[in-house]
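The primary structure of each chain is shown beneath.
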Amino acid sequence: MADTYITEDIRKWLDVERDVMVSPPISESDIRKWAIAVYWPETPPKKYWDAEYARTSRWGGIVAPEEFNPFAWPIERQETVRLGGDIGKEPGKRVLNGGSEAHYYTPMRPGDVIRSGTKLVEVYEKTGRLGIMMFLINETTWTNQNGEAVKVDRKTNIRY
Amino acid sequence: MGDAAVYWEDYEIGDDIPTFERKTDMMHWNRYAAVNDEFVYIHMDADYAKSTGQPDVFGMGNLRLAYLHNMLRNWIGEAGDIKRLGCQYRALNFREDVLTARGRITNKYEEDGNHLLDLDIWVENQKGENTCPGTATVCLPSRQT
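Residues numbered from 1 in each chain as written. Chains lettered and ligands numbered in written order. Predicted model: local features only at pLDDT ≥ 70, side-chain atom pairs only at ≥ 80, totals over all residues.

**Section: the overall build of chain A**
What counts is decided by this rule: Secondary structure counts use DSSP, requiring at least four H or I residues in a row for a helix and at least two E residues in a row for a strand, with both numbered from the N terminus. In this description the radius of gyration comes from C-alpha coordinates, and the expected globular size is given by 2.2 Å times residues to the power 0.38. Burial is judged by counting other C-beta atoms within 10 Å of a residue's own C-beta: 20 or more means buried, 12 or fewer means exposed, and anything between counts as partly exposed, with every C-beta placed from the backbone.
Secondary structure assignment for chain A yields three helices and five strands. When the helices and strands of chain A are read in sequence order from the N terminus, they spell out α-β-α-α-β-β-β-β. Against the 2.2 N^0.38 benchmark of 15 Å for 160 residues, chain A shows a C-alpha radius of gyration of 19 Å, more extended than a compact globule. For chain A, the spread of C-alpha atoms along the principal axes amounts to about 60 × 35 × 30 Å. Each of the 160 residues in chain A was classed as buried or not, and the buried ones make up 27%.

Written out as C-alpha cells, the structure reads:
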C-alpha cells in the first residue's frame, strides 16, 4: 500500500483554476420551478415568482433562492477533473463526501449568466481507523456577468 | 414574511429558531430531480437501490440542503440574509421519513457594521437521528439602524 495518496499530479492542481463552466442565462421560470420544488407542497415565497411583488421588495426584482443551481440541464456533460483518479473499491480509490460550506454574496437574478471555476486550495492526510485518509479541499467560485461574486463553495472530498 | 421582521436584538445564544418540517417521498424527490437534473437510479428505482444493498430508494442530499435554507429564510424573512451555510450528510433520507430542520444560535456579534448570528443547524428524522449536521451565519436587521 502506498504511504501517501498525495501524488505529484494532485499537487500540480493546487491553486490552479479548473472545470470552468458558464451557465445559460437564468430565466424567471427556472427560479419559479426551483422554488416550487424545494418548498413543495407549500406555495413558495412571492419574491421567487411574482415579478410585481418582487419589484417592491428590497431587491427590486425576482431573485433566486441561495442554493439555486443555474448549471442544471447542460446540453453537453462536461468532463471534470477527478483528483486522485477513478473511483473504485481499492485503498485510495474509495471516496467519502466530507460536506460543503457556501458563502453567499450578490443574489442571482433572471438574466444572469454565472461563471463557475474550481480550485484545489488545500490537501492533507490523516491516518485513522480506515488507514490513510486524504482530504481534498476544493473551492468553487461563482461570479455573475458583472464580475460580482455570487457564491464561494468549499467542498471536502475524502479518499481512503 | 417581510412585514414581521425579526431583529438581531431579539435573539440570544442558546435560542432555538422555528423548525421546517417535511414528510418526504417521490413527489418531493422527483420534483427536485426535475429542477436540478438529478436523475440518479438510487433516487428513482427501488430495484436498483436494493441491488446496491440499500433497503429502498432514498432522497437527494441537496434537497435536505434546500430545507435547511428554507428554515432559515422562513425565520429571517426578507430583511435578513443567509451569509454562510455548510453541512455534512450522515444518514440517508428514506421514503415517508419525517424530516425536521432545526437551528440553535451559537454566537451573536457585530462585524463590519453587520449584525450576525451563528447557528448550529441540522436535519433530524422521525427517529431523532441527526442526518445532516451543519452550521450557518445569518445577518439580521438591528433595531438601532
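**Some points on the packing of helix α2 (residues 28–39) of chain A against helix α1 (residues 26–36) of chain B**
Stated formally: Between N-to-C directions, angles cover 0 to 180 degrees, with each direction set by a line fitted to C-alpha atoms, over the stretch in contact for helices. Angles are sorted into four bins: roughly parallel if under 35 degrees, roughly antiparallel if over 145, roughly perpendicular if 65 to 115, and oblique for all others. Less than a right angle of anticlockwise turn of the near helix away from the far helix marks a crossing as left-handed, whereas a clockwise turn marks it as right-handed. A residue pair is marked as a contact if its C-beta atoms, positioned from the backbone, fall within 7 Å. When residues are sorted by character, Ala, Val, Leu, Ile, Met, Phe, Trp, Tyr, Cys and Pro go into the nonpolar class, Asp, Glu, Lys and Arg into the charged class, and all the rest, Gly among them, into the polar class.
Following both chains from N to C, one finds α2 of chain A and α1 of chain B inclined at 155°, their axes separated by 8 Å at the closest point. The orientation of α2 of chain A with respect to α1 of chain B, classified from their angle, is roughly antiparallel. Here α2 of chain A and α1 of chain B pass one another in a crossing that is left-handed. Within the contact between the two elements, α2 of chain A uses K33, W34, A37 and V38 of chain A and α1 of chain B uses R31, Y32, A34 and V35 of chain B. Taken together, the residues of the contact of α2 of chain A with α1 of chain B sort by class into six nonpolar, no polar and two charged.

**Some thoughts on the sheet that holds strand β5 (residues 134–139) of chain B**
Strand pairs in the sheet, formed through backbone hydrogen bonds, run parallel or antiparallel to each other. For clarity, the threshold we go by: Whether two strands pair comes down to DSSP finding at least two bridges between them.
Spatially, β1(A)-β3(A)-β4(A)-β5(A)-β2(A)-β2(B)-β5(B)-β4(B)-β3(B)-β1(B) is the arrangement adopted by the 10 strands of the open sheet, whose pairing is antiparallel. This sheet does not close on itself; its edge strands, each paired only once, are β1 (18–22) of chain A together with β1 (20–23) of chain B. Strand after strand, the sheet turns through a mean of 20° between neighbouring axes, direction not considered. Here strand β2 (residues 95–104) of chain A runs beside strand β2 (residues 81–87) of chain B; their pairing, made up of four bridges, is antiparallel.

**Some remarks on α2 of chain A**
One turn of the α-helix equals 3.6 residues, which is why residues spaced by three or four share an orientation. To keep it simple, the criterion reads: One less than the residue count of a helix, multiplied by 1.5 Å, gives the span that helix is expected to have.
Taking 1.5 Å as the rise per residue, α2 of chain A with 12 residues should run 16 Å; its terminal C-alpha atoms sit 17 Å apart, in good agreement. Of all the residues in α2 of chain A, the buried ones are D30, I31, W34, A35, A37, V38 and Y39 of chain A. Residues of α2 of chain A that are buried make contact with α1 and α4 (61–76) of chain B.

**Thoughts on the interface of chain B and chain A**
Tallying the contact residues gives 23 residues for chain B and 24 residues for chain A. Looking at the side of chain B that touches chain A, the elements with two or more residues in it are α1, α4 and β2 of chain B. Considering each element in turn, the side of chain B that touches chain A owes the most residues, seven residues, to α1 of chain B.

**Considering the nonpolar core**
We count it as follows: Defined on buried residues, the nonpolar core groups Ala, Val, Leu, Ile, Met, Phe, Trp, Tyr and Cys residues joined through C-beta atoms within 7 Å. Segmentation of the chain into domains, including their bounds, is taken from an automatic or database domain assignment.
I31, W34 and V38 of chain A together with Y67, L68 and A101 of chain B are the most contacted members of the largest nonpolar core, which totals 48 residues. For this core, the secondary structure elements donating two or more residues are α2 and β2 of chain A together with α1, α4, β2, β3 (98–111), β4 (114–124) and β5 of chain B. Sorting elements by how many residues they give to this core places α4 of chain B first, with eight residues. Of the domains in this structure, domain 1 (1–25 + 94–160) and domain 2 (27–63) of chain A are the two that each give at least three residues to this core. Contacts of V38 of chain A, omitting those with residues within four sequence positions, involve P65 of chain A together with Y32, L63, A66 and N70 of chain B. Judged by nonpolar contacts, the second largest core, of five residues, contains L120, V123, M134 and L136 of chain A.

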